[in-house]
Amino acid sequence: MSEPESKTVSPEASLAAMLQEVIQTETEVHEDDDGGDDYDAESTQEIKADVCTATDMLLQEGNIMELNKDQRYQYDMNQQGSESNQTLSSSDVGSSTATVKILLMPERHMITVAFTIGLTILDLKKHFSFELRVPSDIIQITLDEKSVDDDQTLMDIGVQPHGMIQFEMSSLDPENYPMRPVKPQQEYNMPDVITVRVQTDTDSYQDVVVEIERATRGKAFLGGYRHKVTKAEYHHAAVQTMPKKRPERSVEMFSRDTQTVELKNQDQQCSKNASTQMTKIGCYVSNMEDKLITPGTYITAGEYHSKRLRAVITLQSYVRRWLAKCFTESLRQAKEQHLAWLENERKRKKEEKEQQIRDEYHRRMNPESKADFDLLYNALKKWRMEEVERINVTLSGAERKAALCALLEQETQFISSIERNKMAAGTRNQDKAIQAFLNKCAEPKKWRAFDGKVTQMDTQFTIRAKELRDLYRSITQAQFTKDERLDVLLTLKHTIKEHKCKLTQDIVDLTDREVDLLMRGVKKSNLEGLRKRIATLFLQYIKTPAFNPQVSKFLQVPQDPADLKKNIYLCRGCNEYQSSTDFALKTNASAVGLCRRCMDLDNEARRREDFSLYKNILRCLRESEAECSPEAKITYLLQEQDLRYLVDVLWGAQSALSGWKDLHDLLLVRWEKHLDWSPWNCILLMKDEADAHLKLENIEKAYDVVVIRNVKQKHALARKYFSQIPAMAEWLHDAEIQPAALSNLLVSKPITKETK
């Protein structure tokens, strides 16, 4: 075939002709299996076209002739056909690509991809397994209704380089893994492969398969222009080719700008020549503005330095005076602040003492708790001992016996008055305890979230408990009118009728009786006993778990009879079986003795001791240790009796430094602050002394040797006493103190003399 004639045209005409070419792209989405485009795949050549912008083409006008030569050469290659095809190696053919069309069954959706013909059908399955989210062993690929093996490649099937083939893909388990096409991204609809129709001659066209490379970078804005008539904006297109990467070098390079110092330009005054002019022949210079300078007294170097020294001494004297005035002023202010602080502390201690006396007086006049009555009995004991001592000193004989009898009668009256107040306080405390019990049962469930907010939730049991609590409050209310009382009784009757038993029947009978008496006009004072019976029975109704399930969590008596056999002991005083929590045990106790009620009764009758001060010391000790070391356990093992032994016996109920004996102002703190508190690592001090002691860094330098040895001796006695407690065995490093160790605690050691 002869070569077609080429016409010589100008670069501008060639450029205009190339800009008029139209590239038609078609996205192949087939609903019917028509076989696709029919063209000879063997004679198809790979045409590599660069889409150039107007700016690039203007810059490349000099290369138009070479482009025409390449087109003519391509035209010759297309005309020669298979005879002029170049021979490709097997490796080049295997790395070539082909267009693969996949028809998804049974929905018959078409997917077109570019695939290397050297890969197997299994690789194709793995690719679509990732795209379609379907396991590869479930996918079945067929060609002309025949299954294709996984180990076959596209070359084995007969696909040529840059050719096209169509498969059918279906699922072996369509119920669990159906074949659904992947939805394309809405913001970018360009397919992976497009077909471009290129005009090779005047009447001949050729379809070429072009793979689309996804750009990973954004195109730069190169400006543009606006049409003056239509006002349409046109932007210059960016170059589509990827930028070249700089070759990586083994040697690390640095920029010169980062290695040099910053240079600056600065103007300076240049030297200026000057000259003088004097009067001479032919030149007159006026002397009207001249000055007469007379030389002064000559000063030597020694005189100059002595003058400077005198000036320096003068300045130093003034500065030192100013510094001395500032120092004395600071001392004066410090003294005033110290005196003001001492005055404030004196007033504070006085106010605290007065408040303490007022609180103690209020507790004695209006006793409410057990500690208040212990305080009364302890005061009664002290008063009796003072009166007995006075009678024994002043009287004798029959007069003494008569005075003791009168004292006994007066003590009996005091005890009777205390017991009456105790019964009244017990009634008030019982009502408060019942209300607190009902509130605890009706309280909603609470928990704290990760953000610190507290969430509350009401359950059906808490709602039931809340209704019964409100009804109990209405029953015990005494300020209701007749009609309101009848409404409350009617509500109570309807509430308890849900359960039929002897208890509910008794409440209904008593309710009907009160309604009948109210209708007859009976006074309220005559109905107090009946109303108390109704309130008591209804409280028993509330405490029954069958009627109020929420109350089962707060009852002291277990509902399971088998639990009654656990932790139950016999009290030797009242001969009754009590729970283990009803016994107050010492840390060194080996057997269960009296219960709390019997111990309180014995204390009121004979010893009449007040443990409120020791409880206060123990509470302050536990709070301070909880802040220093939350994992401390020894302070929670000690009881009031153990602390009383530690304070009264070991430390003598007085401060180890000042000898202050008021227990309201004394605290037990650590002896060595870097160790946990224990009976063998403590000291009894006043509050101010305790604060100063905890600030010490070195105890050996702060205290005298005699004080340190006295404290160590008390620690040894405490270790020996508390070593008998099994619960403290793990905190004791040396349970038994050797005599040699005790000898080091003596203030003065005996001197041994040799005897002849």
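Remember, predicted model here, so these are calculated numbers, not experimental data.

Draft legend 1. Highlighting the packing of aromatic side chains. In this structure the tally under the stated criterion is nine aromatic pairs. Here F611 and Y614 contribute two aromatic rings whose centre-to-centre distance is 6.3 Å and whose plane-to-plane angle is 55 degrees, an arrangement assigned as tilted. Of the two residues, F611 and Y614, neither departs from the other in class, the shared state being buried. Pairing Y721 with F722 gives two aromatic rings, centres 4.9 Å apart and planes at 90 degrees, and the pair type is edge-to-face. Both residues of the pair, Y721 and F722, count as buried. Taking the ring centre of F130 as reference, the NZ or CZ of R133 above it sits at 5.4 Å. Lying over the aromatic face of F437, K543 brings its terminal NZ or CZ to 5.6 Å of the ring centre.

Draft legend 2. Just a nonpolar patch on the surface, in detail. On the surface, V319, W322 and L323 cluster together into a nonpolar patch covering about 330 Å² of accessible area. For W322, the position within the fold is in helix α7 (residues 301-365). W322 gets classed as exposed once you look at its relative accessible area, which sits at 55%.

Draft legend 3. A look at helix α12 (residues 502-520). Across its 19 residues, α12 extends 27 Å between first and last C-alpha, which sits within 8% of the 27 Å expected from 1.5 Å per residue. Those residues of α12 lying buried are L503, T504, I507, V508, L510, T511, E514 and L518. Summarising the axial view, the buried residues of α12 lie within an arc of 170 degrees, below the 170-degree limit, and thus occupy one face. Exposed and oriented more than 90 degrees from the buried face of α12 are K502, M519 and R520. Looking one or two places after α12, you find G521, whose phi comes out positive at around 85 degrees.

Draft legend 4. Quick peek at the UniProt feature "coiled-coil region" (unreviewed entry) in the chain. Those places that UniProt annotates as "coiled-coil region" (unreviewed entry) correspond, in this numbering, to residues 332-359. This span, residues 332-359, is 100% helix and 0% strand, and a straight line between its end C-alpha atoms measures 40 Å.

Draft legend 5. Structural detail: unusual backbone geometry. The backbone phi angle of E145 is positive, close to 60 degrees, even though this residue is not glycine. Along the chain, the position of E145 falls in the loop between β4 (139-143) and β5 (146-147). Phi angles above zero are rare outside glycine, and N575 is one such case at about 55 degrees. Relative to the elements of secondary structure, N575 occurs in the loop between β13 (568-570) and β14 (577-579).

Each value, and the rule that gives it
For every chain, the first residue of the written sequence is number 1, and numbering continues from 1 onward in sequence order. Selection of residues for local features in this predicted model requires a pLDDT of at least 70, selection of side-chain atom pairs for listing and counting requires 80 or more, and totals for whole chains, interfaces and linings are taken over all residues. Values shown for side chains rest on all heavy atoms present in the structure; no hydrogens or waters enter the calculation. A pair of aromatic rings is counted whenever rings of Phe, Tyr or Trp (Trp by its six-membered ring) have centres within 6.5 Å, and the orientation is called stacked for planes under 30 degrees apart, edge-to-face for over 60 and tilted otherwise. When accessible area is computed with a 1.4 Å probe and restricted to protein chains, residues below 20% of their type maximum are described as buried, those above 50% as exposed, and intermediate ones as partly exposed. Two conditions define a charge located above a ring, namely a distance within 6 Å from the ring centre to NZ of Lys or CZ of Arg, and an angle within 35 degrees of the ring normal. Two joining distances apply to patches: 9 Å for like charges and 5 Å for nonpolar side chains (Val, Leu, Ile, Met, Phe, Trp, Tyr), and every residue must have over 30% relative accessible area and no salt bridge. In this description, accessible areas are obtained by the Shrake-Rupley approach with a 1.4 Å probe, and a residue is regarded as covered only by the protein chains that are shown. Salt bridges are identified by distance alone: a Lys or Arg side-chain nitrogen within 4 Å of an Asp or Glu carboxyl oxygen. Going along the chain from the N terminus, every DSSP run of H or I of four or more residues is numbered as a helix, and every run of E of two or more is numbered as a strand. Multiplying 1.5 Å by the residue count of a helix minus one yields the expected span of that helix. Working note: the arc is built from the helix axis to C-beta atom directions. UniProt positions are given in the numbering used here, feature names are shortened, and annotations may be inferred rather than shown by experiment.

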